[in-house]
Amino acid sequence: MKIGKLLFGILLIGLLASSCYTEVIVEDDYIAESPINTALVLESYDLWYVDINATKGSGEVPFLQRAFTISFDRGVVYANNNLVGIGKTGNGLGIDVGSYGTLSGAVEINHDVDGLWLLEVYALNSNTLELYNPYSDTSYVVRGYQSRNFDYDQVFYDNIHYFLQEYQVWEKTYTSEVGAINEFDEENYLQFPANYDGSFRSSIDASGIPLNNLEWDYQGNYEVYDVQDDAMLKTLTLDYDYLGNDYFELYVIDDSTIELYHVSSGTIYEFSGRGYMQYLKSGNDTGKKRTKVKNPIMDVVRQRKM
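Looking at an unreviewed UniProt entry, one finds the chain named Nicotinic acid mononucleotide adenyltransferase, with Flagellimonas olearia as its source organism.

## Some remarks on the side chain of Asp255
Mapped onto the elements of the fold, Asp255 is located in the loop between strand 16 (245-254) and strand 17 (257-262). By relative accessible area, which is 18% here, Asp255 ends up buried.

## Side note on the confidence of the model for the chain
Of the residues in the chain, 84% reach a pLDDT of 70 or more, and the chain-wide mean stands at 85. Low pLDDT, under 50, characterises residues 1-35; the stretch is placed with 66 contacts to residues that sit more than four places away or in other chains.

## Thoughts on the pattern of salt bridges
Within this structure, the stated rule accounts for eight salt bridges. Between Arg143 and Asp51 there is a salt bridge, with the nearest N and O atoms lying 2.9 Å from each other. One end of the pair, Arg143, is in strand 10 (residues 138-145); the other, Asp51, is in strand 3 (residues 47-56), and 92 residues separate them in sequence. Asp51 sits in the buried class, given a relative accessible area of 17%. Between Arg66 and Asp114 there is a salt bridge, and its shortest N-O distance comes to 2.6 Å. With a gap of 48 residues between them, Arg66 in helix 3 (residues 62-66) and Asp114 in the loop between strand 7 (106-111) and strand 8 (115-125) connect regions that are remote in the sequence. Its relative accessible area of 21% is what places Asp114 among the partly exposed residues.

## Topic: the environment of Phe200
Looking at the element boundaries, Phe200 is found in strand 13 (residues 199-203). If near-sequence neighbours (up to four positions away) are discounted, Phe200 is found in contact with Leu190, Gln191, Phe192, Pro193, Tyr218, Gln219, Gly220, Asn221, Tyr222, Leu238, Asp239 and Tyr240.

## Topic: the nonpolar core
Judged by nonpolar contacts, the single largest core of 40 residues is most densely connected at Phe163, Trp170, Phe184, Leu190, Leu238 and Leu260. Both of domain 1 (38-150) and domain 2 (158-298) provide at least three residues apiece to this core. In this view, Leu238 contacts Phe184, Leu190, Phe192, Phe200, Asn221, Tyr222, Gly244, Asn245, Asp246 and Phe248; residues no more than four positions away in its chain are not counted. Grouped together as the second largest cluster of nonpolar side chains are 26 residues, Trp48, Val50, Ile70 and Leu131 included.

## Looking at the layout of surface pockets
The volume enclosed by the largest pocket comes to roughly 280 Å³. Taken together, 17 residues make up the lining of the largest pocket; nearest its centre are Asn53, Asp158, Asp226, Val293 and Lys294. Elements with a contribution of two residues or more to the lining of the largest pocket: strand 3, helix 4 (152-158) and helix 5 (160-165). Ranked by the residues each element gives to the lining of the largest pocket, the list is headed by strand 3, at four residues. Its residues placed into classes, the lining of the largest pocket shows six nonpolar, five polar and six charged. Built from parts of two domains, the lining of the largest pocket gets at least three residues from each of domain 1 (38-150) and domain 2 (158-298). Its boundaries defined by the atoms lining it, the second largest pocket holds a volume of some 190 Å³.

## Some points on the environment of Asn81
With respect to the element layout, Asn81 can be found in the loop between strand 5 (76-80) and strand 6 (95-103). For the pair Asn81 and Gln278, spaced 197 residues apart in the sequence, the C-alpha separation amounts to 8.1 Å.

## Some details on the packing of aromatic side chains
Enumeration over the complete set of coordinates arrives at 16 aromatic pairs. Ring centres of Phe150 and Tyr152 lie 4.8 Å apart, and the angle between their planes is 85 degrees; this geometry places the pair in the edge-to-face category. Of the two residues, Phe150 and Tyr152, both sit in the buried class. Here Tyr167 and Tyr276 contribute two aromatic rings whose centre-to-centre distance is 5.8 Å and whose plane-to-plane angle is 50 degrees, an arrangement assigned as tilted. With Tyr167 in strand 11 (residues 167-175) and Tyr276 in strand 18 (residues 267-276), this pair connects stretches of sequence that are 109 residues apart. Accessibility expressed as a relative area gives 6% for Tyr167, which makes it buried. Feature note: the residues Phe156, Phe163, Tyr167, Trp170 and Tyr276 constitute an aromatic cluster, connected by ring pairs.

Analysis parameters
- Residues numbered from 1 in each chain as written.
- Predicted model: local features only at pLDDT ≥ 70, side-chain atom pairs only at ≥ 80, totals over all residues.
- Heavy atoms only, no water.
- Helix = DSSP H or I, 4+ residues; strand = E, 2+ residues; numbered from the N terminus.
- Buried < 20%, exposed > 50% of the residue type's maximum accessible area, 1.4 Å probe, protein only.
- pLDDT = per-residue confidence, 0-100.
- Contact = heavy atoms within 4.5 Å.
- Salt bridge = Lys/Arg side-chain N within 4 Å of Asp/Glu carboxyl O.
- Core = buried A, V, L, I, M, F, W, Y, C linked by side-chain atoms within 4.5 Å.
- Domains from an automatic or database assignment.
- 1 Å grid on protein atoms, 1.4 Å probe; cavity = no way out; pocket = protein on both sides within 12 Å on 5 of 7 lines; lining within 4 Å.
- Points joined across faces, edges and corners; volume = space filled by probe spheres on them.
- Nonpolar A, V, L, I, M, F, W, Y, C, P; charged D, E, K, R; others polar.
- Phe/Tyr/Trp six-rings, centres within 6.5 Å; stacked < 30°, edge-to-face > 60°.

This is the structure in structure tokens:
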């Protein structure tokens, strides 16, 4: 990794000028700064979104692998490990997961569960950092946002397969009167198992029964698609093995409700999440980790009349 990218290039000119403790040594494109400026940069944004698809290396930093966002606030590290509650938990920062101290161009994080981790900090542009762990030889790219400018809705849509997995079961709570009769009318429960493997299960059991009493009638594979030129729309296909496919437009109503628009019948269904699975400080809660996922792209036009 090029030492010339070490933290505090153009990004920090304003911060460097404001610090009376700064010592700058320029030699062979190397810029060494006092530790206080590392803290200033990490604390310059309320939230750092972890762009998991930009990760490099074969190892991992466990708490970064789980987090959607990470924040540094006066020595305390916060993380949003769930989409449910994001924007509300911890005033948007998430839960307290540990503490940190800054070094010159590096941060040392003492995670409550995962222990002590040293991350070298590199500036990629004015709001993007690379956090590099030399022990695992792994880099994470994080992008900075202020809470007031952070698009929480877009985070849901960009990571919607994780959102589907944050509830044990999705229960149908509404079916529109408009729409042709179809076999999906009979389905009352959907399940998308954690650790995205592309499988789902469905049940026609009556609404309101205990989750442990559910009997799964069908299973198959599902796929979430991005839609060309429509960042706020996802589509969903449910492949029932030998029974054919169902195709939906997928909308997030709130952090416990999704809407499925069955395009072929014109029917609108709402499903509510039951059995919320909160991912706290340890990956051992359920084994949930984020991995690189690139949704296939579908070239369709939105059919749902909003």
